[in-house]
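Summary of structural features
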Amino acid sequence: MKAYHLNSQGGAGHLVQVDVGKPEPAAGEVRIRIEAASLNYRDLITLDRAGQSGLNGRVPLSDGAGVVDAIGPDVAQWQVGDRVAASFFRDWISGPFKSSYVPSSLGGNTTDGMLAEYVVLPANALVAVPPHLSTVEAATLPCAGVTAWHGLITRGKMSKGDTLLVQGTGGVALFGLQFAAALGARAIVISSSDEKLARAKALGGSILINYRDTPEWDAAVMKATDGEGATHILELGGPGTYDRSLRSVASGGKIVQIGVLTGFGPKPDLARLQWENADIIGVTVGSVEHFRTMNRFLSEHAIHPIVDRTYGFEDAREAYAHLRSGSHFGKIVVKL
Ligand SMILES: NC(=O)c1ccc[n+]([C@@H]2O[C@H](COP(=O)([O-])OP(=O)(O)OC[C@H]3O[C@@H](n4cnc5c(N)ncnc54)[C@H](OP(=O)(O)O)[C@@H]3O)[C@@H](O)[C@H]2O)c1
């Protein structure tokens, strides 16, 4: 079968296409014929670190969906032909997070990912694709969708009447926006582009701020909300946005700490949290249980993920380049 491997020969990380043996499912495992895999910002970080131990030769991408193609002994819950997606952490099935789940993240340092024609995974690490979604759409859910769900809904308890602030119009941000719209929460979107803001408005964004034209977007958030601020903030930027997120949070609000779009580094003075009686919720994606619950919500509200562009398997490198350009709106998918 064909797959891609991360490779760091010559310095910079890059992708090489390889021919490898088709994997066989053992007891408790299922083989999936992958139909689509999607990219996340994390995959750029992983590619750039391809020289680090464990990453060289690894199959990238955490997110994929396809059709069950073979079943190992002792698997009762799936049948050949079922449409499934894999959960980001192979071993986090339900209950609270444990750091021991980290090595099981697909497409990370120690576990192969989804950019391959066939993948074998434990049966309990899979979820059914919601009937209203294509496998291309379902391939966008495992990282970005589940992260927004776990942070905003499971932990953040966002509901009707709340005000959500999302940063940019990438994968996690647009899932947050769609969840807010479905719940009847107000959504504030900040973006580098007026054209993207117009598209975010069509998805339910009601306060739209161009952060290039308005670098002090926190002041604009406060003005637009009559000084109240946002009850929920998807903190996706990291050091470059955190201070303004703190200055945008409503009393009793929640900052869902997720991203590193402006890099890694120290966070600003958090004193404002205590003045506003606000919380920070730290999130690393979510469990199979979170994924299933989110899928029910997607079906109930007929939500379709926003797919910016699909690429053929041969063009996977171009899909990465498109993600790096930052010109996308929503998710980028490689179709097999
Ligand atoms: N903790 C976790 O478990 C977890 C899970 C998923 C993702 N993440 C992190 O969350 C972040 C978003 O991931 P993603 O996959 O959704 O990314 P993505 O799809 O690549 O989104 C990138 C978009 O973010 C916006 N952006 C970039 N810099 C910005 C800034 N300074 N201020 C506001 N917006 C900015 C831009 O949108 P515009 O062009 O509209 O401005 C850009 O197109 C990444 O840092 C990722 O590593 C963490």
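Because the structure is a prediction, the values reported are computed rather than measured. (Residues numbered from 1 in each chain as written. Predicted model: local features only at pLDDT ≥ 70, side-chain atom pairs only at ≥ 80, totals over all residues. Heavy atoms only, no water.)

1. A closer look at the domain arrangement of the protein chain
Per the domain assignment, the segments making up the protein chain are domain 1 (2-140 + 305-335) and domain 2 (147-282). Distance between the C-alpha centres of domain 1 and domain 2: 28 Å. Counting residues at the interface gives 13 residues for domain 1, matched by 14 residues for domain 2. Summing the contributions of domain 1 and of domain 2, the shared interface buries around 1,100 Å²; its carbon and sulfur component is 70%. For the domain 1 face of the interface with domain 2, the top three residues by lost area are Tyr41, Ile306 and Phe329, together amounting to 50%. Counting the contacts that link domain 1 with domain 2 gives zero salt bridges. Our count for the contact surface shared by domain 1 and domain 2 stands at three residue pairs in polar contact (both at pLDDT 80 or more). (Domains from an automatic or database assignment. Contact = heavy atoms within 4.5 Å. Buried area = accessible area lost by both parts, 1.4 Å probe. Salt bridge = Lys/Arg side-chain N within 4 Å of Asp/Glu carboxyl O. Polar contact = N/O pair within 3.5 Å; in protein donor to acceptor, adjacent residues only side chain to side chain.)

2. Brief notes about the pairing of strand E3 (residues 29-39)
A regular strand places its side chains on the two faces of the sheet in alternate fashion. Across the eleven residues that make up E3, a large majority, eight, are buried. Relative to strand E6 (residues 118-122), E3 runs antiparallel, the two being bridged by five bridges. Residue Glu29 lies in a different strand from E6, and its bridge partner there is Pro122. In this sheet, strand E4 (residues 63-71) lies alongside E3 in antiparallel orientation, the contact comprising eight bridges. Across the sheet, residue Arg31 finds its bridge partner in E4, namely Ala70. Pairing of E3 with strand E15 (residues 331-335) involves four bridges; the strand directions are antiparallel. Bridging across to E15, Leu39 finds its partner in Ile332. (Buried < 20%, exposed > 50% of the residue type's maximum accessible area, 1.4 Å probe, protein only. Helix = DSSP H or I, 4+ residues; strand = E, 2+ residues; numbered from the N terminus. Pairing = 2+ DSSP bridges.)

3. Comments concerning the pattern of salt bridges
Using the criterion set out here, one finds eleven salt bridges in the structure. For Arg247, the salt bridge is made with Asp243, and the minimal N-O distance between the two is 2.6 Å. Given a relative accessible area of 35%, Arg247 falls into the partly exposed group. Taking the relative accessible area as the measure of exposure, Asp243 reaches 33% and is therefore partly exposed.

4. Some details on unusual backbone geometry
Although it is not a glycine, Lys157 sits at a positive phi angle of roughly 55°. Position of Lys157 among the secondary structure elements: in the loop between helix H3 (141-155) and strand E8 (163-167). One non-glycine residue, Asp226, adopts positive backbone phi at about 55°. Structurally, Asp226 is set in the loop between helix H6 (217-224) and strand E11 (230-235).

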